[in-house]
Amino acid sequence: MIAEKMKGMVANSSAIRAMFEEGNRLAGIYGAENVYDFSLGNPNIPAPEALTNAMMDVLKEEDPVVLHGYTNSNAGYADVREAVAQNLNERFGTSFEGKNITMTVGAAGGLNVILKTLINPGDEVIVFAPYFGEYRSYVNNFDGVLVEISPDTETFQPKLDEFARKITPKTKAVIVNNPNNPTGVVYSEETVKKMASVMEEKQKEYGTDIYLISDEPYRELVYGDAEVPFLTKYYDNTIVGYSFSKSLSLPGERIGYLVIPDEVTDSADVISAANVATRILGFVNAPTLQQKAVAKCLNEKADIAFYDKNRETLYEGLKKAGFSCIKPEGAFYLFVKSPVGDEKEFCSRAKKYNILMVPGSSFGCPGYVRLAYCVAYDTIVRALPKFEELAAEYRGQE
C-alpha cells in the first residue's frame, strides 16, 4: 500500500506530463511531424555554445575527484555562490554575498527547500491563479494549506483586493511567478509595489512575518520593452528561486539557486535551515559539474529571437482563427480562452487534429488552455491550419 498522501497525488498527477506522454503515443502512430504537441515547457533550442565550452573546460581544468565529490557545504561551492551573488549585484544593484546564495536542484528543488525551511503544518501559502500547478504538491509536501487568489481574466495581473482579504494570521508565504507560467504575463512594477504594501501592512496588523517567494525560471525570457522587477528591492522578506532550465535550455540538468537576503527576518537562521533542508530532502547538494559550468555563463542566455518569432506567429495565427488570448510579454506560453466552458472537452476535441494542449484547470483557471510555444517553428506553421479546422467546429457556439 502506498502512503495515503501519495494516493491523492497519484490521482491528480500532472496533466502536463500526461499530455506529453500522450504526444509520444500519438507520434508513434502518426509520426512526430504530424503531432502538434504544445504541452510541455521543454526548450527546443540548444544551450548556448558557451555553456558547452564551459562544461568541457571544467572537466579539463578541475581535479575530477574534487569535481565529482560532495561540496564542502550543502549550499554549494563557495566560489560559485560568490559569482552568482556578484552577477546579481551588477545587474540589479543589490548587495548580496555568497552566503546569501544556496545552489539548488533546479527551481523545483529550490522551492521545496525553502518551503521545508519555512512551513509548519497548517501554515497558509497564497498563490495567484493561474499558477504553476505543482505548487499544490510542493505546499502539500509539508502539510501547508494552499490559498488561491482568483484570476483577473482581463489582465491576468494579481487581484490585490482579494489578496488583502485572504491574508490571515496563518499566512506564512506568498508565491509569485514572474514572468508567469501559464499566461506569459509580466507583473508590473506598479503591481509589485502595491503587493509589497499590502504585505507590509498585514505583517504589522498580525505581528507576523510573511515571506514572498519569487519563482523566476523565466526571468530572462522577456520580449520588447517588458521589464521584470527584481522583487528583493521592493519587499524585505523576499526570497528568490531561480533556475537555468529556461535561460540556458538546461531543464534536464537540474541547476538553479535560492537568494536569501540579509533583510529577510532571521536571515541567518533561514540560510542555515535551507542548507540543512537541502541535505535532508535528499538533494545533498546541487550537481557539481553544472554549478561550475553555469558560473562561467551567468551573462549568457538562450536565443530569445527564436521564442519571439514563435510567439508572434502562434499568437497572430490563433487570433486570425478566432481564438482569444492575451499576448504574452515573457516566458514561452500562450493562455487561450476555450470556446466552450469545459476546456477539458476542448482539449479532447483538439486531439482529433493531433493538437495537444494543457487544460487551464491544471493552473487553477478553468475555461482556458495553455500552449507551450517552445517548439520547432515548423511545428507552429503546420499546426495553424489544424487550429483553423478546430475553430471551425466551434463557430456559433460561443
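Residues numbered from 1 in each chain as written. Predicted model: local features only at pLDDT ≥ 70, side-chain atom pairs only at ≥ 80, totals over all residues. Heavy atoms only, no water.

Visitor: Any chance you could explain the pairing of strand S2 (residues 101–104) here in plain terms?
Guide: Regular strands have side chains that alternate between both faces of the sheet. Judged by which residues are buried, S2 turns out to be covered on both faces: Ile101 and Met103 on one side and Thr102 and Thr104 on the other are all buried. Inspection of the sheet shows S2 paired to strand S8 (residues 256–259) by 4 bridges, in the antiparallel sense. Across the sheet, residue isoleucine 101 finds its bridge partner in S8, namely valine 259. (Buried < 20%, exposed > 50% of the residue type's maximum accessible area, 1.4 Å probe, protein only. Helix = DSSP H or I, 4+ residues; strand = E, 2+ residues; numbered from the N terminus. Pairing = 2+ DSSP bridges.)

Visitor: Teacher, can you tell me more about the UniProt feature "domain: Aminotransferase class I/classII large" (unreviewed entry) in the chain here?
Guide: If you check UniProt for "domain: Aminotransferase class I/classII large" (unreviewed entry), the listed places come out as residues 35–375 in our numbering. Overall, residues 35–375 shows 37% helix and 16% strand. The separation of its end C-alpha atoms is 12 Å. (UniProt positions renumbered as here; feature names shortened; annotations may be inferred.)

Visitor: Looking at this structure, I do not really get a nonpolar patch on the surface. What am I missing?
Guide: Residues Ile2, Met6 and Val10 make up a contiguous nonpolar surface patch of roughly 270 Å² in combined accessible area. According to the relative accessible area criterion, valine 10 is exposed, its value standing at 51%. (Patch = residues over 30% accessible without salt bridge, like charges linked within 9 Å, V, L, I, M, F, W, Y side chains within 5 Å. Areas by Shrake-Rupley, 256 points an atom, 1.4 Å probe, with all protein chains shown as cover. Salt bridge = Lys/Arg side-chain N within 4 Å of Asp/Glu carboxyl O.)

Visitor: I tried to follow the sheet that holds strand S10 (residues 333–337) on my own but got confused; where do I start?
Guide: Think of a sheet as strands paired side by side through backbone hydrogen bonds, with each pair either parallel or antiparallel. Across the sheet, which stays open at both edges, the 4 strands sit in the order S9-S10-S13-S12 with antiparallel pairing between neighbours. Looking along the sheet, the strands with just one partner apiece sit at the ends: strand S9 (324–325) and strand S12 (358–359). The pairing of S10 with strand S13 (residues 368–372) spans 5 bridges and is classified as antiparallel. Bridge pairing in S13 places valine 336 opposite valine 369. Most of the contacts of helix H12 (residues 304–321) go to S10, to which it runs at about 10°, and overall it touches S9, S10 and S13. (Contact = heavy atoms within 4.5 Å. Axes fitted to C-alpha atoms, helices over the stretch in contact; angles between N-to-C directions.)

Visitor: For this particular structure, what's the right way to read the nonpolar core?
Guide: Nonpolar side chains in soluble globular proteins tend to end up buried together. Counting 41 residues, the largest nonpolar core has Phe38, Leu314, Leu371 and Phe387 as the members making the most contacts within it. Of all the secondary-structure elements, those providing two or more residues to this core are H12, S10, helix H13 (343–350), S13 and helix H14 (377–394). If sequence neighbours within four positions are ignored, leucine 371 has contacts with Phe38, Leu314, Leu318, Phe332, Tyr333, Leu334, Val336, Met357 and Phe387. Core analysis: the second largest hydrophobic core is formed by 29 residues, Ala54, Leu67, Ile255 and Leu298 among them. (Core = buried A, V, L, I, M, F, W, Y, C linked by side-chain atoms within 4.5 Å.)

Visitor: What am I meant to see in the sheet that holds strand S5 (residues 171–177) here?
Guide: Pairing is mixed across the open sheet formed by 7 strands, whose spatial order is S2-S8-S7-S6-S5-S3-S4. The open sheet has two edge strands with one neighbour each: S2 and strand S4 (145–149). Sheet twist, expressed as the mean angle between neighbouring strand axes with direction ignored, is 20°. Across 4 bridges, the pairing between strand S6 (residues 211–215) and strand S7 (residues 238–243) is parallel. Bridging from a neighbouring strand, serine 214 pairs with valine 240 of S7. Here helix H6 (residues 106–118) sits on the sheet and contacts S2, strand S3 (124–128), S5, S6, S7 and S8; the angle it forms with S6, its principal contact strand, is near 170°.

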